[in-house]
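# Geometric and topological summary
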Amino acid sequence: MLSRHYATLDFTCLEMRDSEQSASAKSGPQELVQQVLSGGWRENIEVAGENALARYDSTAYNQILLNARPNGVNKDGPPKLKMSGLTYLRLSDDLLEAKNFRIFKTFVKKMHADQDYCPDPNKYNSPIVPLEKSKPNIPIQDLLEATKPMVPFPFDKQTDMSVDGGGLSD
């Protein structure tokens, strides 16, 4: 359905990790994010995401970086699996405190794979183009086939662009 209308799949809880959840909650945010993002990529849908909680620590930022590029940075071009965008929620006085803002600036730089600012939008991977007319209706059999469970793509155990050390410029 999303691919038919050239939509972007936006998903939340990118900063959450299984180990931080109460066992009684029976929550697996890492697996959920991995499954949803993998489904989008498998269907060639643009995938974006956002954080759910107000967190300003390297563990949360590193989890977002891992989900944004689950197999790391590709030095030979754009990674095969990557998010097309990130909405960072919770701009607040807490974020703007010196220590929190310092790590946030590092996080933003890591989201850009340690590259410097690029003012030319034509150099980005997703050019801004007029909205296209929706594709034809999708047959119900194709929809049913697409809803069958699939194994998600493998994600690395940790990001290669950690906000507390590591990255392409090291």
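Look up: the structure comes first, before these words.
Okay, so let's go over this structure. Just so we're clear, the structure is a prediction, and the values are computed from it rather than from any experiment.

### Some points on helix α2 (residues 58-68)
Counted residue by residue, α2 has 10 buried out of 11 residues, so it is predominantly covered. Looking only at α2, the buried set comprises Ser58, Ala60, Tyr61, Asn62, Gln63, Ile64, Leu65, Leu66, Asn67 and Ala68. Buried residues along α2 sit against α1 (29-42), β3 (85-87) and α3 (98-111).

### Topic: the pairing of strand β2 (residues 46-50)
Consecutive residues of a regular strand have side chains that alternate between opposite faces of the sheet. A large share of β2 lies buried, amounting to four of its five residues. Of the strand pairs in this sheet, strand β1 (residues 8-11) and β2 are connected by four bridges, and their pairing is parallel. When the bridges of β2 are listed, aspartate 10 appears paired with alanine 48. What joins β1 to β2 is α1, and the crossover it makes is right-handed. Relative to β3, β2 runs parallel, the two being bridged by three bridges. When the bridges of β3 are listed, alanine 48 appears paired with glycine 85. For the crossover from β2 across α2 to β3, the handedness is right-handed.

### Concerning the layout of surface pockets
The calculated volume of the second largest pocket comes to roughly 550 Å³. Around the second largest pocket, the lining is made up of 24 residues, and of these Gly39, Glu43, Ile45, Ala146 and Thr147 lie nearest the centre. Secondary-structure elements contributing two or more residues to the lining of the second largest pocket are α1 and α4 (140-146). Counting residues per element, the lining of the second largest pocket draws most heavily on α1, which supplies six residues. For the lining of the second largest pocket, the class distribution of residues is 12 nonpolar, six polar and six charged.

Cut-off values and rules
- Residues numbered from 1 in each chain as written.
- Predicted model: local features only at pLDDT ≥ 70, side-chain atom pairs only at ≥ 80, totals over all residues.
- Heavy atoms only, no water.
- Buried < 20%, exposed > 50% of the residue type's maximum accessible area, 1.4 Å probe, protein only.
- Helix = DSSP H or I, 4+ residues; strand = E, 2+ residues; numbered from the N terminus.
- Contact = heavy atoms within 4.5 Å.
- Pairing = 2+ DSSP bridges.
- Right-handed = clockwise from strand over helix to strand, strands pointing away.
- 1 Å grid on protein atoms, 1.4 Å probe; cavity = no way out; pocket = protein on both sides within 12 Å on 5 of 7 lines; lining within 4 Å.
- Points joined across faces, edges and corners; volume = space filled by probe spheres on them.
- Nonpolar A, V, L, I, M, F, W, Y, C, P; charged D, E, K, R; others polar.

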